[in-house]
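Examination of the molecular architecture
So the chains spell out like this:
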Amino acid sequence: MKKWLEVSLVGVTLAMLIVVACAPQAKPVSPPPTAPATTAPVATQVPAATPKAEDAAWAKVVEAAKKEGTVNVYSTTFSGDVGIAVSKAFKDRYGITIDAVVGKGTGFLERIKIEKRIGKMVADMVEGGPVDIQAMEREKQLASTGDMLPVLREKGVWVMDPISYSPKEKTLILWRFNEQPTFISTLMVKPGEAPNSWKDLLDPKWEGKMIVEDPLLGSFLYKAIVGLMDKKIWDEDYIKALFRQKLRFPKAMPDAFRMLSTGEAYLLVQGGDGPAAPFVMEGSPIQAIDMREGMVLNGNPLAAVSGGPHPNATLLLINWLLSPEGQTAYGKTRGGRMMRSDVPDFRPPGSWVKMTNPILLTLEQLDNAGKLYQERWLDKVVGR
């Protein structure tokens, strides 16, 4: 089923490039941005993702979205079981099909620019890493939707403000999180022996026993460097001392968790709750641990593409993905941390830890991390 879905997505995309060119472009029905905020108690069951019946303007958006019948999503995660679960739940609710093109966010910007250049728009919505989607915002490829989503009128249900990444433009909408804790192998590190401070990692007993994703091949460590240095928790002297502990460098995050699972490594300096989840669910002996000075996390946004062929279905999908039903459909299947505080934390125990001092990376910090990665800053500092 997964293979059929992935293959079909390519065919659907090619077909849409032909069909959309001949179809008239729909226009979004704009609900009033100044509708009054409402606060409702947490429901015992997942409610429908539709606003109140008296919101006639939004009802017109829903009606227009159903007539459009499709929404085309460029996503880094809507594949396999996740894509199936989200698509089925949304179609069951509204009868609208999600056609997802899954890939790397770095390629989506060029793809959208080409579509606009040739006048054959396919993309309605993008979902992925914040730096990639911020680049689309800078290129003026995104539509402002923050004032048009009834779900954002809800108060007291958000882990943080969903439009905090673009409070003025209101294009980037946060809808889930990634946390980057440190991990230990419970095969090799006994209870009570795990470090709880970054300074503990400089103890000689950890020499040759720690790993981190190769900074030449991944950006996990760079995100930690930027966030922790901005908070004066790390500095260049600390980084040099840490690397003198004879760190080892697996080529990718899954390789790092395999090394922890077998006891080949004792500690992963910088991991991620997302990559850890499948290993924990398989019973691997790994555990996230807290560093009391602070650890980093970043939000994952989505956004509507300006000029997309199905603007009303796009608004409806974004609104639904931020509703309890949409957050549950994605989080339960993916095992992720979602934006709403009134849905469960779907991450498996062991893949995350309650952070004493969480550090939410800003878009500027994420952008700086990307630049340091491209410049190989860390290798220059530690002499690699």
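Residues numbered from 1 in each chain as written. Predicted model: local features only at pLDDT ≥ 70, side-chain atom pairs only at ≥ 80, totals over all residues. Heavy atoms only, no water.

1. Some thoughts on the packing of helix α4 (residues 105-118) against helix α5 (residues 130-138)
For the pair α4 and α5, the least separation of the axes is 8 Å and the interaxial angle reads 20 degrees. Between α4 and α5, the interaxial angle falls into the category roughly parallel. Classified by chirality, the crossing of α5 by α4 is right-handed. Taken together, the residues of α5 that come into contact with α4 (itself represented by G105, T106, F108, L109 and I112) are D132, A135 and M136. (Axes fitted to C-alpha atoms, helices over the stretch in contact; angles between N-to-C directions. Helix = DSSP H or I, 4+ residues; strand = E, 2+ residues; numbered from the N terminus. Parallel < 35°, antiparallel > 145°, perpendicular 65-115°, else oblique. Left-handed = near helix turned anticlockwise from the far one by under 90°. Contact = heavy atoms within 4.5 Å.)

2. A short note on the environment of P301
Relative to the assigned elements, P301 resides in strand β10 (residues 295-305). P301 gets classed as buried once you look at its relative accessible area, which sits at 0%. Taking the C-alpha atoms as reference points, P301 and E127, separated by 174 residues in sequence, lie 6.3 Å from one another. (Buried < 20%, exposed > 50% of the residue type's maximum accessible area, 1.4 Å probe, protein only.)

3. Observations concerning empty space enclosed by the protein
Summed over the entire model, instances satisfying the criterion amount to 1 cavity of 30 Å³ or more. Put simply, the largest cavity is a space of about 30 Å³. Taken together, T76, G105, F108, V126, E127, G128, G129, D132, I133 and M136 make up the lining of the largest cavity. Among the secondary structure elements, those contributing two or more residues to the lining of the largest cavity are α4, β3 (125-127) and α5. Counting residues per element, the lining of the largest cavity draws most heavily on α5, which supplies 3 residues. Of the residues in the lining of the largest cavity, the class split is 4 nonpolar, 4 polar and 2 charged. (1 Å grid on protein atoms, 1.4 Å probe; cavity = no way out; pocket = protein on both sides within 12 Å on 5 of 7 lines; lining within 4 Å. Points joined across faces, edges and corners; volume = space filled by probe spheres on them. Nonpolar A, V, L, I, M, F, W, Y, C, P; charged D, E, K, R; others polar.)

4. Let's talk about the pattern of salt bridges
What the rule picks out here adds up to 20 salt bridges. The salt bridge involving K371 is made with D367; its shortest N-O contact spans 3.6 Å. Taken together, the positions of K371 and D367, both in helix α12 (residues 363-375) and 4 residues apart, correspond to about one turn of that helix. Judged by its relative accessible area of 42%, K371 falls in the partly exposed class. Look at the salt bridges and you will find they share partners, linking E179, D273, R337, D345 and R347 into a network. (Salt bridge = Lys/Arg side-chain N within 4 Å of Asp/Glu carboxyl O.)

5. Description of the nonpolar core
In terms of nonpolar packing, the biggest core is built from 110 residues, with W234 and V269 touching the most fellow members. Excluding residues within four positions of it along the chain, V269 makes contact with P181, T182, W198, L201, M210, I211, V212, W234, L242 and L247. (Core = buried A, V, L, I, M, F, W, Y, C linked by side-chain atoms within 4.5 Å.)

6. Looking at helix α9 (residues 273-281)
Two residues of an α-helix separated by three or four positions point the same way, owing to the 3.6 residues in each turn. What α9 keeps buried is the set D273, A276, A277, F279 and V280. Among the structural elements, β5 (173-179), β6 (182-185), α8 (253-262) and β9 (286-289) are those in contact with the buried residues of α9. Positive phi shows up at G283, right after α9, with a value of about 90 degrees.

7. Details of the packing of aromatic side chains
Under the defined criterion, the tally for this structure stands at 12 aromatic pairs. Measuring from centroid to centroid gives 6.1 Å for F78 and W175, while their planes differ by 75 degrees, and the two rings are edge-to-face. One end of the pair, F78, is in the loop between β1 (70-75) and α3 (80-94); the other, W175, is in strand β5, with 97 residues separating them in the sequence. F78 gets classed as buried once you look at its relative accessible area, which sits at 1%. Assessed through its relative accessible area of 0%, W175 is described here as buried. Both rings, one in F183 and one in F257, keep their centres 5.0 Å apart while their planes meet at 85 degrees; by these two values the pair is edge-to-face. Taken together, the positions of F183 in strand β6 and F257 in helix α8 put the pair 74 residues apart, joining distant regions of the chain. Neither F183 nor F257 differs from the other in exposure class; each is buried. An aromatic cluster is built from F78, W175 and Y330, whose rings are joined through pairwise contacts. (Phe/Tyr/Trp six-rings, centres within 6.5 Å; stacked < 30°, edge-to-face > 60°.)

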